[in-house]
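Each chain, written out:
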Amino acid sequence: MDTLALDPVLARACGAALAVVLLTGAWQKLRDLAVFEASVDIYRLLPEALVPLFARAFPVLEALAGVALLFDTTRSAGLLMSLAVLGVATAGVIANLLRGHTEIDCGCGGAEGHTTLTWALPVRNTLLLIVAVLGGQDGSGRELLWIDYLSVAGGTLALLGIYAAANQLMANHPRLIQLRN
Amino acid sequence: MNEALMISNVLLWVAVLAALVGLFALARQIGVLYERVAPMGALMMDTGPKVGEASPVFDLPALVGNTRVTIGRPGDKSTLLFFLSPTCPVCKKLLPILRSVNNTEKDWLRVILTSDGEQPEHLAFYEKADLKEFPYVLSSEPGIAYRVAKLPYAVLLNEHGRVVAKGLVNSREQLESLFTAKEMGVASVQEFIDHQHA
């Protein structure tokens, strides 16, 4: 990894942005657990008996990953948990994409919660995985100045803005296709 | 020199974030635009039969059995037409609520489920979710007639076959608000509140 990736400003901005993404995702799922449980069921990957358990465990792990990424002492655990959460979610999406079961709600937060499954989702999640790896680094020991904190705050907000815009564009896409036809 | 760089840095962050907010807002507006113009065309701003108007009449085969389901004709009960899909998580969440509504309000109300799509998928959904107590209609006609763009959507018809309330339903409260709207004789609870404030 080059020195840029290890700079603490980049690492902290990535970590904080991913933590917000994970915590918001967990909150959205836990707030309306019945809907998330139905989403998991509609993915048709788990035996019916395991669906309620998975629908509860997944957002809890997601929230724990988000919190753990924020603190120095728990960062590596946070990295592992976020890789697990993102990996499982992406595997679920890819499995359904491969068998053509795509006209379902992704249940992945996204804009308005009306995102259907497309290959854009695994691409988005791969980018999130890269952000997770960067955010899970301790970074070089460079001493941070006040302007660095401004860069971390700006970088975090910028990443979140890009994420929100990308989600919105992904939600728009099926409607555009419908319009073209 | 350092001060100048810092000021330019702060200004750039403000500019980047403002541009991103603008990008998000534009993407959001494009989404709303797509929704408004699809699939009926840009000029079709009317959203189906209005409250107070007579419902279009449908006579459609039920998904299971050889019976037919009639919607919109005057009868002895009101009708709740509930648009759903097997792939809509919120619809699944509302099924137990619909079941309890169907039980408690059965003296004056019949609940009809309607959807469109492939029959095998709907049959599997019907079996799995145990929907035997509801008439289930598989046809795109009601959805087109009522201009249903988002699910779950519900239309409440009175015993004379007139639309008394309709709208997107995401929760028990929203479903019950349709009944409240009927009792109060307004199109929606929102309209009632607006009238009170006016």
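Residues numbered from 1 in each chain as written. Chains lettered and ligands numbered in written order. Predicted model: local features only at pLDDT ≥ 70, side-chain atom pairs only at ≥ 80, totals over all residues.

On to the overall build of chain A. Counting its secondary structure elements, chain A contains 7 helices and 0 strands. Taken over the C-alpha trace, chain A has a radius of gyration of 17 Å; the compact-globule value for 181 residues is 16 Å, and the two agree within 12%. In terms of its C-alpha atoms, chain A occupies a principal-axis envelope of roughly 50 × 40 × 30 Å. Residue burial in chain A is summarised as follows: out of 181 residues, 41% are buried. Of the contacts made within chain A by residues no fewer than 6 positions apart, 69% connect residues no fewer than 24 positions apart. (Helix = DSSP H or I, 4+ residues; strand = E, 2+ residues; numbered from the N terminus. Rg over C-alpha atoms; globule rule 2.2 N^0.38 Å. Buried ≥ 20, exposed ≤ 12 C-beta atoms within 10 Å, placed from the backbone. Contact = placed C-beta atoms within 7 Å.)

As a further point, take the overall build of chain B. The helix and strand tally for chain B stands at 6 helices and 7 strands. Residues counted as buried form 30% of the 198 residues belonging to chain B. Restricting the contact set of chain B to residue pairs at least 6 apart, pairs at least 24 apart contribute 62%.

Residues and elements named next belong to chain B. Per-residue confidence for chain B gives a mean pLDDT of 82; residues scoring 70 or more make up 88%. With pLDDT under 50 throughout, residues 41–46 is counted as low confidence; its partners more than four residues away or in other chains account for 1 contact. Reported confidences for the modelled complex are a pTM of 0.79 and an ipTM of 0.79. (pLDDT = per-residue confidence, 0-100.)

Let us now look at the environment of Val90(B). When you line up the elements, Val90(B) lands in helix H2 (residues 89–104). In this structure the C-alpha to C-alpha distance between Val90(B) and Leu23(B), which are 67 residues apart in sequence, comes to 29 Å. The contact partners of Val90(B), leaving out residues within four places of it in the chain, are Val35(A), Pro152(B) and Asn170(B).

Turning next to the packing of helix H3 (residues 33–42) of chain A against H2(B). Two quantities define a packed helix pair, namely the angle between the axes and the distance from one axis to the other. Between H3(A) and H2(B), whose axes approach to 8 Å, the crossing angle comes to 120°. Overall, the two elements H3(A) and H2(B) adopt an arrangement that is oblique. The chirality of how H3(A) crosses H2(B) is right-handed. Between H3(A), through Ala34(A), Val35(A), Ala38(A), Ser39(A) and Ile42(A), and H2(B), the contact on the second element is made entirely by Pro89(B), Val90(B), Lys92(B) and Lys93(B). Per-class residue counts for the contact of H3(A) with H2(B) are 6 nonpolar, 1 polar and 2 charged. (Axes fitted to C-alpha atoms, helices over the stretch in contact; angles between N-to-C directions. Parallel < 35°, antiparallel > 145°, perpendicular 65-115°, else oblique. Left-handed = near helix turned anticlockwise from the far one by under 90°. Nonpolar A, V, L, I, M, F, W, Y, C, P; charged D, E, K, R; others polar.)

What follows concerns the interface of chain B and chain A. Facing the 25 residues of chain B at the interface are 26 residues of chain A. Counting only elements with at least two residues in the side of chain B that touches chain A, the list comes to helix H1 (2–37) and H2 of chain B. Top element by residues in the side of chain B that touches chain A is H1(B). It accounts for 17 residues. Of the residues assigned to the side of chain B that touches chain A, the class counts are 18 nonpolar, 3 polar and 4 charged.

The next subject is the nonpolar core. In terms of nonpolar packing, the biggest core is built from 81 residues, with Leu18(A), Phe82(B), Ile112(B) and Ala154(B) touching the most fellow members. The biggest single contributor to this core is helix H2 (residues 8–31) of chain A, with 11 residues. (Core = buried A, V, L, I, M, F, W, Y, C linked by C-beta atoms within 7 Å.)

What follows deals with the environment of Leu95(B). All names here are of chain B. Secondary-structure assignment places leucine 95 in helix H2. Under the C-beta neighbour-count criterion, leucine 95 is labelled partly exposed, with 19 such atoms within 10 Å. Along the backbone, leucine 95 and leucine 131 are 36 residues apart, and their C-alpha atoms lie at a distance of 8.7 Å.

A word on the pairing of strand S2 (residues 68–71) of chain B. If a strand is regular, its side chains alternate between the two faces of the sheet. All names here are of chain B. The two faces of S2 differ: Val69 and Ile71 on one face are buried, but Arg68 and Thr70 on the other face are not. Relative to S2, strand S1 (residues 58–61) runs antiparallel, the two sharing 4 bridges. From the neighbouring strand, aspartate 59 faces S2, where its bridge partner is threonine 70. Hairpin connection from S1 to S2: 6 residues lie between these consecutive antiparallel strands, with glycine 65 at a positive phi of about 85°. (Pairing = 2+ DSSP bridges.)

When the terminal C-alpha atoms of helix H6 (residues 120–135) of chain A are compared, their 22 Å separation across 16 residues agrees well with the 22 Å that a helix rising 1.5 Å per residue should span. When we look at burial in H6(A), the residues that qualify are Leu121(A), Arg124(A), Asn125(A), Leu128(A), Val131(A), Ala132(A), Leu134(A) and Gly135(A). (Expected span 1.5 Å × (residues − 1).)

A few words now on the packing of H3(A) against helix H4 (residues 51–69) of chain A. Residue and element names in this part refer to chain A. Between H3 and H4, the shortest axis-to-axis distance is 9 Å and the interhelical angle comes to 115°. For the pair H3 and H4, the sense of crossing is right-handed. Counting all contacts with H3, which are made through Leu33, Phe36, Glu37, Val40 and Asp41, the residues of H4 involved are Val51, Pro52, Phe54, Ala55 and Pro59. Tallied by class, residues from the contact of H3 with H4 come to 8 nonpolar, no polar and 2 charged.

All names here are of chain B. Ordered in space as S5-S4-S3-S6-S7, the 5 strands form an open sheet in which the pairing is mixed. Both edges of this open sheet fall to strand S5 (136–138) and strand S7 (163–168), since each of them pairs with a single strand only. Looking at each pair of strands side by side, their axes are set apart by 20° on average, direction ignored. Sheet topology places strand S6 (residues 153–157) next to S7; 5 bridges connect them, and they run antiparallel. Paired with leucine 157 across the strands is valine 163, a residue of S7.

Turning to the environment of Gly143(B), a few remarks are in order. Residues and elements named next belong to chain B. In this fold, glycine 143 is placed in helix H4 (residues 141–145). Between the alpha carbons of glycine 143 and tyrosine 153 there is a distance of 9.4 Å; along the sequence they are 10 residues apart. Contact partners of glycine 143, with chain neighbours within four places excluded, come to Phe83, Asp116 and Val148.

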